[in-house]
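# Topology and contacts: notes
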Amino acid sequence: GNIPENAPPGLFINAQYLKDLSFENPNPLDAYKADQKPDIQVNVNTSVKKLPNNAFEVTLDIKTEAKTKEKIAFIAEVSYAGIFTLNKVPVDQEKPFLLIEAPRMLFPFARNVLAETTRDGGYPPLMLNPIDFGALFQKQMEEKKKKN
């Protein structure tokens with residue numbers, strides 16, 4: 001991206017977009033007699049792809065599965081991405097910026113897509129709690145250490 005000469009060090013978002021969205025609603029009629037709240041599992045993953053000119057595509061994948069008494073209510077998956085440019089960021093700081101800051105910027109948009117999708121599916125809009133991307137990053141780093 002075109003970053004002004006005097007721009008502060010940090011992360012700049014150049015573009016953002018929905019990459020993939022899927023919604024499965026196998027038991028829609030159960031939503032009508034939903035006296036019990038579904039149990040919702042959320043799985044989050046972030047990935048980074050290097051692009052030319054110090055740009056990176058960061059993708060935030062969120063999978064949610066709602067079950068009511070062992071029966072699937074819905075499965076909603078969103079893959080939301082942004083193109084980010086790093087400006088004057090030391091190499092050792094690149095990963096935290098791309099795996100913590102970038103997903104943090106993408107999250108509200110991905111969350112909004114999930115809320116609207118579940119609402120269109122006949123459920124109360126799924127409002128995800130904020131995700132601690134710092135903790136997620138630490139966990140990913142520790143898992144990498146174990147593999148090596």
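Calculation criteria
Residues numbered from 1 in each chain as written. Predicted model: local features only at pLDDT ≥ 70, side-chain atom pairs only at ≥ 80, totals over all residues. Heavy atoms only, no water. Pairing = 2+ DSSP bridges. Helix = DSSP H or I, 4+ residues; strand = E, 2+ residues; numbered from the N terminus. Buried < 20%, exposed > 50% of the residue type's maximum accessible area, 1.4 Å probe, protein only.

## Some details on the pairing of strand β2 (residues 39-51)
Where β2 meets strand β3 (residues 55-68), 13 bridges bridge the pair, whose relative direction is antiparallel. Bridge pairing in β3 links Ile 40 to Ala 66. The loop that links β2 with its antiparallel partner β3 comprises three residues; one of these, Asn 53, has a positive phi angle of about 60°.

## Quick word on unusual backbone geometry
At Lys 69, a position not held by glycine, the phi torsion is positive, near 50°. With respect to the helices and strands, the residue Lys 69 is situated in the loop between β3 and β4 (71-87). The backbone phi angle of Lys 88 is positive, close to 50°, even though this residue is not glycine. Relative to the assigned elements, Lys 88 resides in the loop between β4 and α2 (91-120). For Lys 88, a relative accessible area of 52% translates into the label exposed.

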